[in-house]
Every structure is written in structure tokens, then in C-alpha cells.
Amino acid sequence: MASREEIMAKVSELIGPFNNKGVELKEDTTFQGDLEWDSLTVMDFVAAVEDEYDIIITMNMQAEIENIGQLSSAVAKLMDD
């Protein structure tokens, strides 16, 4: 089982190809505000995270996730279920 810190590191790694602006990634880095992602980029990134961890992030969950820290917590929770 991966720790939340390990998940955070992997999520940051997965963001790499999508981080066109070279934004410094921190726990409170937001996908829309800081990374300036559109909805298509978000969907592509979510698919990459789902594939990496073999989980499903529902649309309702996605609507509540605004930053890297929240995503890392959601992934950790889904892996525990």
C-alpha cells in the first residue's frame, strides 16, 4: 500500500507531461488556477491517474478535487476501499 506521500510524488510525476507552464508543484497547486488546465486536459490526466492506480475517480469526486493534495488524498482513500 502506497503512503500518501508516495502517492503525492507519483501524482506530481504524472503531471509532468501536462505541466506545459512549468509550474512548481505543491500540495495546494490547483489544476484550473495554477496549471491552467481545460476540462479535456483534466480528463486526460484523471485517466492517467486511474490507469496508474487501477482505480475509478467518479465525476462527483472529480468535481470536489481542486488541487494536488486533495487528489492524493482521494487516491489514497480509493486504494484503501
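Above this note sits the structure.
The numbers attached to residues start from 1 for each chain and follow its sequence in the written order. Given that this is a predicted model, residues contribute local features only at a pLDDT of at least 70 and side-chain atom pairs are listed and counted only at 80 or more, while totals for whole chains, interfaces and linings are drawn from all residues. The basis for every side-chain value is the complete set of non-hydrogen atoms in the structure, without hydrogens or water.

Q: I keep staring at the overall build of the protein chain and nothing clicks. Help me out?
A: Here a strand is any run of E in DSSP of at least two residues, a helix any run of H or I of at least four, and the numbering for each starts at the N terminus. For the protein chain, the count of helices and strands is four helices and zero strands. The order of α-helices and β-strands along the protein chain, N terminus first, is α-α-α-α. Dimensions of the protein chain along its principal axes, counting C-alpha atoms only, are 35 × 25 × 20 Å. Here a residue-residue contact requires only that any non-hydrogen atoms of the pair lie within 4.5 Å. Long-range pairs, those at least 24 residues apart, make up 53% of the contacts in the protein chain between residues at least 6 apart in sequence. Accessible surface for the protein chain amounts to roughly 5000 Å². Of this, 48% is attributable to carbon and sulfur atoms. In this count, Lys and Arg are taken as positive residues and Asp and Glu as negative ones, while His and the chain termini are left out. Note that the charge is assigned to NZ on lysines, CZ on arginines, CG on aspartates and CD on glutamates. Averaging the locations of the 5 positively and 18 negatively charged side chains of the protein chain gives two centres separated by 4 Å. Method for areas: the Shrake-Rupley scheme with a 1.4 Å probe, in which residue coverage is limited to the protein chains shown.

Q: What's the story with helix 4 (residues 68-80) in this structure? I'm lost.
A: Given 3.6 residues per turn, any residue in an α-helix points the same way as the ones three and four places further on. Between its terminal C-alpha atoms helix 4 stretches 19 Å, which fits the 18 Å expected from 13 residues at 1.5 Å a residue. A simple rule labels every residue: compare its accessible area, found with a 1.4 Å probe on the protein chains alone, to the largest value its type can have, and call it buried under 20%, exposed over 50%, or partly exposed in between. Along helix 4, the residues classified as buried are Ile68, Gly69, Leu71, Ser72, Ala74, Val75 and Ala76. On the buried face of helix 4, the contacting elements are helix 1 (4-15), helix 2 (39-53) and helix 3 (59-64). Throughout this description, a polar contact denotes any pair of N or O atoms lying within 3.5 Å of each other; where both atoms belong to protein, one of them has to be capable of donating a hydrogen while the other can accept it, and for residues adjacent in sequence the pair is counted only when both atoms sit in side chains. The N-cap of helix 4, judged by a side-chain oxygen 3.1 Å from the amide nitrogen of Gly69 a few residues on, is Asn67. To estimate the expected span of a helix, count its residues, drop one, and scale the result by 1.5 Å.

Q: What's the story with the nonpolar core in this structure? I'm lost.
A: Across soluble globular proteins, nonpolar side chains have a tendency to be buried as a group. Residues Ile15, Phe31, Phe45, Val49 and Leu71 are the most contacted members of the largest nonpolar core, which totals 20 residues. Contributing elements (two or more residues each) for this core: helix 1, helix 2 and helix 4. In this structure, Phe45 is in contact with Val11, Leu14, Ile15, Phe18, Phe31, Trp37 and Leu71, ignoring residues within four places of it in sequence. Among the buried residues, those of types Ala, Val, Leu, Ile, Met, Phe, Trp, Tyr and Cys that are joined through side-chain atoms within 4.5 Å form a nonpolar core.

Q: It is not clear to me how the packing of aromatic side chains should be interpreted in this structure. Could you clarify?
A: Each aromatic ring pair is characterised by the separation of its centres together with the angle its planes make. Here a Phe, Tyr or Trp ring, Trp counted by its six-membered ring, pairs with any other such ring whose centre lies within 6.5 Å, and the pair is stacked when the planes are under 30 degrees apart, edge-to-face when over 60, and tilted otherwise. Under the criterion given, the structure shown has five aromatic pairs. Seen from their ring centres, Phe18 and Phe45 are 5.8 Å apart, and the 80 degrees between their planes marks the pair as edge-to-face. In this pair, Phe18 sits in the loop between helix 1 and helix 2 while Phe45 sits in helix 2, placing the two residues 27 residues apart along the sequence. Residue Phe45 is classed as buried on the basis of its relative accessible area of 2%. Chaining the aromatic ring pairs together yields one cluster made of Phe18, Phe31, Trp37 and Phe45.

Q: Before we go on, may I ask you to explain the packing of helix 2 against helix 4 in this structure?
A: Pairs of packed helices are described in terms of their axes, by the angle between the two and the distance that separates them. Two elements in contact, helix 2 and helix 4, have axes whose closest approach is 11 Å; the angle formed by their N-to-C orientations is 35 degrees. When the axes of helix 2 and helix 4 are compared, the crossing they make is right-handed. Across from Phe45, Val49 and Tyr53 in helix 2, the residues of helix 4 making contact are Leu71, Val75 and Met79. Class assignment of the residues belonging to the contact of helix 2 with helix 4 gives a composition of six nonpolar, no polar and no charged. Axis angles are defined between N-to-C directions and span 0 to 180 degrees, where every axis is a line fitted to C-alpha atoms and, for a helix, only to the segment in contact. Helix crossings fall into two classes, left-handed where the near helix is turned counterclockwise from the far one by less than a right angle and right-handed where it is turned clockwise. Each residue gets one of three labels, nonpolar for Ala, Val, Leu, Ile, Met, Phe, Trp, Tyr, Cys and Pro, charged for Asp, Glu, Lys and Arg, and polar for the others, Gly among them.

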